[in-house]
Amino acid sequence: MPDEIKPNPSQAPTHDAQLAAENIASGEEKAPSVDFEADYQAAQQLSVSEIDRTGEGEQAAQKATAPKQELREPQQTNTQAKPTGNPDDYVDMAKEVGGSKTEAVTNVSDDLVEKALEKGQPK
């Protein structure tokens with residue numbers, strides 16, 4: 001059952017739409033009719049393609065979305081830092097920080113090295 005469109009010129013979003021609404025209201029143009037049921041039925045027919053009605057549709061979709069390159073399974077790696085209580089490691093680290101040429105200037109005193117050595121001792 002077709003429905004008749006009754007446009008309102010004051011609600012038209014563009015100038016062309018306003019002119020068309022005024023022409024329809026004055027009778028210069030015929031108002032378009034819309035059969036919502038027929039349009040809905042036609043949309044239902046077009047919403048599924050012919051290939052999707054067969055098993056070929058699923059095969060075509062898998063082929064289209066398959067990766068082009070062979071993918072390997074990701075491997076998980078575990079890294080463990082070995083604990084050390086060697087004070088020489090802290091002394092070397094303090095020397096590296098104090099002797100850096102690209103970093104900000106720092107003063108590494110003997111007291112700072114001693115504190116680093118004390119922190120490196122196992123309790």
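Everything numeric in this text was worked out from a predicted model, so none of it was measured.

### Focus on a negative patch on the surface
Here's step 1: Residues Asp88, Asp89, Asp92 and Glu96 make up a contiguous surface patch of negative charge.
Here's step 2: In this structure, Asp89 sits in helix 4 (residues 87–98).
Here's step 3: With a relative accessible area of 36%, Asp89 lands in the partly exposed category.

### What about the environment of Ile24?
Here's step 1: Positionally, Ile24 belongs in helix 1 (residues 15–26).
Here's step 2: Non-local contacts of Ile24, meaning those with residues more than four positions away in its chain, are made with Pro7, Glu29, Lys30, Ala31 and Pro32.

### Description of the confidence of the model for the protein
Here's step 1: When the pLDDT values of the protein are averaged, the result is 79; 85% of them are 70 or greater.
Here's step 2: Strand 1 (residues 3–4) is the least confidently modelled element of the protein, averaging 68 in pLDDT, while helix 1 averages 88, the highest of any element.

Rules behind the numbers
Residues numbered from 1 in each chain as written. Predicted model: local features only at pLDDT ≥ 70, side-chain atom pairs only at ≥ 80, totals over all residues. Heavy atoms only, no water. Patch = residues over 30% accessible without salt bridge, like charges linked within 9 Å, V, L, I, M, F, W, Y side chains within 5 Å. Areas by Shrake-Rupley, 256 points an atom, 1.4 Å probe, with all protein chains shown as cover. Salt bridge = Lys/Arg side-chain N within 4 Å of Asp/Glu carboxyl O. Lys, Arg positive; Asp, Glu negative; His and termini not counted. Charge placed at Lys NZ, Arg CZ, Asp CG, Glu CD. Helix = DSSP H or I, 4+ residues; strand = E, 2+ residues; numbered from the N terminus. Buried < 20%, exposed > 50% of the residue type's maximum accessible area, 1.4 Å probe, protein only. Contact = heavy atoms within 4.5 Å. pLDDT = per-residue confidence, 0-100.

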